[in-house]
Amino acid sequence: MKKKFEKSTQAEGKFIGNERGFGFVWRKEGDDIFIPPHATFGALHGDEVICKIDPRRDAENPAGGHKVSGRIIEITARAPMVGTYFTEGNKHYVKSSEKKIPYAFEVPFKSVSRFGLADGHRVVFSIEKKHGHCLITEVLGHKNDPGVDVLTLVRQAGVPYEFSEEVADELQKISTEISESDCEGRLDLRDQHIFTIDGDDTKDIDDAISFDQNDKGYHLGVHIADVTHYVRENTAINASALHRGTSIYLADRVIPMLPHKLSGGICSLFPDVDRLTLSCLMEVDKKGNVTSHKITTSVIRSKKRYTYNEVQELLDGGTDDLINDMNKLREILSKKRQKRGALDFDLPEAKIKVDETGKAIAIERYPRNNATGIIEEFMILCNETIATHFLGQKVPFVYRSHEEPSNEKLAALQKMAENMRLMNKGKKMLRPTAATLQQFLDAVKTTHGAYAISTAVLQALPQANYTPDNPTHFGLASDAYCHFTSPIRRYADLQIHRIIKTPPDNREKFNEILPAVCAQASKAERTAEALEREVTELKKAQFMVGKEGKIFEATVSGLTPWGVYVMLENTIEGLIPTANLQKIGYKYNKELSLYEAKRRKGEKQAKALHHGSQITVKLLEVNEDERKLTFALHF
C-alpha cells in the first residue's frame, strides 16, 4: 500500500541563487526551502517568488545540510539588477555583476541605441516576467569611472540612494534653527558642561555626555538627538527612514537614513548651538550599578567636541581629571560586564583610506582603545537602563534580542577546538552561557589560533535582531537591552524615542505596528551589513592590484576542502587553493580539520597547516570582479 502524503503547501520568499544553478527560498519564518536547478522557474538571485513545498521528501542539497525541497511556481517581483554591457560580433549583451547570476543576457538593439552604450558601461536592467526580454533602464557610467564600482554594489543591493521629491518638499518646511517655543516643556541643560566624543570624520553626532564624580559614585548623563521632533509619523520622511532602516557606511561614502539637512544639520549635536534631545540621567555607584535614573526630553548646548584621538592623548598624558574619572567608570563597567559573562570579541576591523577618486590608498587595522571604550560602555549602560525601565512598565517596546547558540553550532565549535588541541577530546563544552564562551576566548587569547576561534565563536552565535517581545541579549549577558542612542542612523532607536514621548495611555497603539517595524529594521540591518562587507572586500582587492608576485606574512584563518584561507596583518584575506597545496604534497584531513604535509628535504617533521599557523605566502592573482585573492605557500 502506497504511503499517502499531505497536499503540498505554498510559501513566499526571496530566491537566493547559486552559481551552480540551484538555490533556496528564504522565508521570514521557517527553514529555507531548497530549489533544485530544474525547478527554479527562471527565477534569478534576489527575486521575490512563490514556491510549492514538496512534503514527500527532504533534499540533501549540494551546499550541505538537510533542507525541505520545493519548486518555484511564480515570480512575483524581479530583483534590481546591475551589469556590464559588452558586444560580441553584431550582438549586444549584459553580464550581471551579481556572481550568483552566472548568465549573460542579450539586449535588444533599441535599448542600445536609446542610451548610446559602449563596451564597459555599467547599467541597471530588468528581465520582463512575461517574455524574458532584457531591458536597460539606466546607465550608471563606465566601469572605470570613479565611484561607479561602489555605486554598482549599492544599486545591486537594492538600497535607495536618493531621496524622493516628497521628502524634499517636507524638508523645506523644517527649520534649521531651534526656537524658544521648541524648548518649552523640556529640561533646560544648556548651562551644563555637555560634550561629544566621536571619530575624526564623523558627520552625524547622535550622542553627547555630561559627567561628574561624587562621594557616592558618578552622575552620568547621556543626551541623544531628538530626531522624532522633526521626523513625524505619517510623513514621507518617516516612511523613507523606515524603508532604509539604517545609515550605511561605505569606504568612500555614506548612504544616510535621513537627509543631510537632518542627519548632518539640525539633529546633529554640534558644539555651541542649541539642540533638542532625549536625556537619560543616571546615578551610578562605585560598583557600576545604576541606583536611580530619569528619562526626559531636554535641550542642550554642547560645550566641546572631542575626537577619540584627542581623548586617548589625554588619557595617555593622565593630567585631565574629567577624562581620567570617565576612564575609571569605564573600567568599572567593563569589569562588571566581564564578571557577569558578556562576550568581548577582539576581532580586527579594517580601516580603509581612499583618495578623491575612491581608490584605496591605505588599509590598516582599526584602532581600539580606552577612548572608544568609554563611549561604548556608557552607551551600553544607557541602553540597558532604558530597556529595563520600559520592560518594568510592560508597554510595547523595541528590544535588541540575541539568542544563545544551538547545540549543533556548539558541537562544531568544540570539534574545531579539539583539532587545534585547545580542548581535550571527549570533554564537553559547558552549558552555553556567554560567560563560558568568554572563558574559552580568554584561554586562547594569546595563541596563534585566537582569531580563528573568535571568528568561529562569532559564527556560532545567531544574529541579533529587533523584537517587541524578547528583551534578553545573550552576547551582552543582559536581561534587557535596546538601541536608544543612535536615532540619526537607526530606525529602531527612532521608534523607541517615539514610544518614550507618547503619553502612557496612548502607547498601546504601537502593538499593531511594532512587529512589522522590527522585521523591517532587522532586514535593513542585514542588507547594510552585506553591502558594507562587499564594498570592503572590493576595496581590499583593488588595493592589492599590482602587488602580484609579492611576498607577505600571513595567518591561517580558515580550513576547507577547497583550500586554506589566510589573513595578512592589515586584515586582507585570500585563499590558497587545494590544487596548489596538493602540488607540494599537502592533503586535507577532514577529521582533524587540517592540511597534512609530506616531509620536505631538511625537515625533521612535516609542518601541518591548521588554524592559526604562521606562514609566508605569495600573491598569485587578484580577481577584482569577484573580490577574490589567490595566494600560494612560499618557502
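Scroll up to find the structure.
K.L.:
Let's hear about the overall build of the protein chain: which residues, and what values?
P.N.:
Of regular secondary structure, the protein chain possesses 15 helices and 30 strands. A compact globule built from 635 residues would reach a C-alpha radius of gyration of about 26 Å, and the protein chain, at 27 Å, matches this within 12%. Projected onto its principal axes, the C-alpha positions of the protein chain cover 70 × 70 × 65 Å. For the protein chain, the proportion of contacts with a sequence separation of at least 24, taken over those separated by at least 6, is 66%.

K.L.:
Lay out helix α2 (residues 148-156) in plain terms, naming residues and giving numbers.
P.N.:
Counting buried positions along α2 gives 8 out of 9 residues, so the element sits mostly inside the fold. Considered for burial, the residues of α2 that qualify are V148, D149, V150, L151, T152, L153, V154 and Q156. On its buried side, α2 packs onto β6 (81-88), β9 (121-127), β10 (134-142), β16 (254-255) and α14 (510-544).

K.L.:
Please set out the pairing of strand β20 (residues 350-354) residue by residue, giving values where relevant.
P.N.:
Note that β20 and strand β21 (residues 360-365) share 5 bridges and pair antiparallel. Looking at β21, one finds that K351 is bridged to E364. Here β20 folds back onto β21, and the loop between the two strands holds 5 residues, one of which, G358, carries a positive phi near 90°.

K.L.:
Could you give an account of the nonpolar core, naming the residues involved and the relevant values?
P.N.:
Within the largest apolar cluster, 46 residues are counted, with the highest numbers of intra-cluster contacts made by I209, L220, M326, F378, I386 and F484. It is helix α9 (residues 370-393) that contributes the most residues to this core, 10 residues altogether. When neighbours within four sequence positions are excluded, F484 is seen to be in contact with I224, L278, C382, N383, I386, D493, I496, H497 and I500.

K.L.:
Can you lay out the packing of helix α8 (residues 321-340) against α9 for me, pointing to particular residues and giving the numbers?
P.N.:
Two elements in contact, α8 and α9, have axes whose closest approach is 9 Å; the angle formed by their N-to-C orientations is 60°. If you check the angle between α8 and α9, you find them oblique. Considering how the two elements wind past one another, α8 and α9 form a crossing that is left-handed. Residues I323, M326, N327, L329, R330, L333, S334, R337 and R340 of α8 form the contact with α9, whose participating residues are N370, G373, I374, E376, E377, F378, I380, L381 and E384. Classifying every residue of the contact of α8 with α9 gives 8 nonpolar, 4 polar and 6 charged.

K.L.:
An account of the environment of V395 is needed here, citing residue identities and associated values.
P.N.:
Among the structural elements, V395 can be located in the loop between α9 and β22 (399-401). C-alpha separation for the pair V395 and P468, spaced 73 residues apart in sequence, amounts to 9.6 Å. Those residues in contact with V395 that lie beyond four places of it in its chain are F390 and R507.

K.L.:
Explain the sheet that holds strand β19 (residues 304-307) to me, using residue names and the numbers behind them.
P.N.:
Within a sheet, neighbouring strands are paired by backbone hydrogen bonds and run either parallel or antiparallel to one another. Taking strand neighbours across the sheet as the criterion, the 7 strands line up as β11-β18-β17-β14-β13-β12-β19 in an open arrangement whose pairing is mixed. A strand with exactly one partner marks an edge of an open sheet, and here the two such strands are β11 (187-188) and β19. Sheet analysis places strand β12 (residues 194-198) next to strand β13 (residues 207-213), joined by 2 bridges and oriented antiparallel. Bridge pairing in β13 links I194 to S210. Contacting β12 and β19, helix α7 (residues 308-317) runs over the sheet at an angle of about 80° to β19.

K.L.:
Please set out the pattern of salt bridges residue by residue, giving values where relevant.
P.N.:
For the coordinates displayed, the defined rule picks out 22 salt bridges. Here R340 makes a salt bridge to E384, at a shortest N to O gap of 2.4 Å. Highlighted residues: R340 in helix α8 and E384 in helix α9, separated in sequence by 44 residues. Look at E384 and you get buried, because its relative accessible area is 12%. The shortest N-O distance in the salt bridge between D493 and R490 comes to 2.8 Å. For D493, a relative accessible area of 0% puts it in the buried group. Put simply, E180, D188, R190, D274 and R301 are held in one network by salt bridges that share partners.

K.L.:
Which residues make up the sheet that holds strand β8 (residues 104-106), and what values do they have?
P.N.:
Taken together, the 5 strands give an open sheet; going across it, the order is β8-β7-β6-β9-β10, and neighbouring strands pair in antiparallel fashion. Lying at the two open borders of the sheet, with one neighbouring strand each, are β8 and β10. The average angle at which neighbouring strand axes cross in this sheet is 40°, direction not considered. Where β6 lies against β9, 4 bridges are found, and the strand directions are antiparallel. Following the sheet pairing, T84 is matched in β9 by R122.

K.L.:
Pulling in residues and values, what's your account of the packing of α2 against α14?
P.N.:
Between two packed helices, what matters for the description is the angle formed by their axes and the separation of those axes. At their nearest, the axes of α2 and α14 sit 10 Å apart, and the two run at 155° to each other. Taken together, α2 and α14 sit at an angle that is classed as roughly antiparallel. When the axes of α2 and α14 are compared, the crossing they make is right-handed. In this structure, α2 uses D149, V150, L153 and V154 to contact α14, whose residues at the interface are L531, E534, V535, L538, K539 and Q542. Classifying every residue of the contact of α2 with α14 by side-chain character gives 6 nonpolar, 1 polar and 3 charged.

K.L.:
So what's going on with unusual backbone geometry? Residues and values would help.
P.N.:
The backbone phi angle of K394 is positive, close to 55°, even though this residue is not glycine. Among the secondary structure elements, K394 is positioned in the loop between α9 and β22. According to the relative accessible area criterion, K394 is exposed, its value standing at 74%. Phi is positive for R627, which is not a glycine, with a value near 55°. Structurally, R627 is set in the loop between β29 (614-623) and β30 (628-633).

What counts, and where the lines are drawn
- Residues numbered from 1 in each chain as written.
- Predicted model: local features only at pLDDT ≥ 70, side-chain atom pairs only at ≥ 80, totals over all residues.
- Heavy atoms only, no water.
- Helix = DSSP H or I, 4+ residues; strand = E, 2+ residues; numbered from the N terminus.
- Rg over C-alpha atoms; globule rule 2.2 N^0.38 Å.
- Contact = heavy atoms within 4.5 Å.
- Buried < 20%, exposed > 50% of the residue type's maximum accessible area, 1.4 Å probe, protein only.
- Pairing = 2+ DSSP bridges.
- Core = buried A, V, L, I, M, F, W, Y, C linked by side-chain atoms within 4.5 Å.
- Axes fitted to C-alpha atoms, helices over the stretch in contact; angles between N-to-C directions.
- Parallel < 35°, antiparallel > 145°, perpendicular 65-115°, else oblique.
- Left-handed = near helix turned anticlockwise from the far one by under 90°.
- Nonpolar A, V, L, I, M, F, W, Y, C, P; charged D, E, K, R; others polar.
- Salt bridge = Lys/Arg side-chain N within 4 Å of Asp/Glu carboxyl O.

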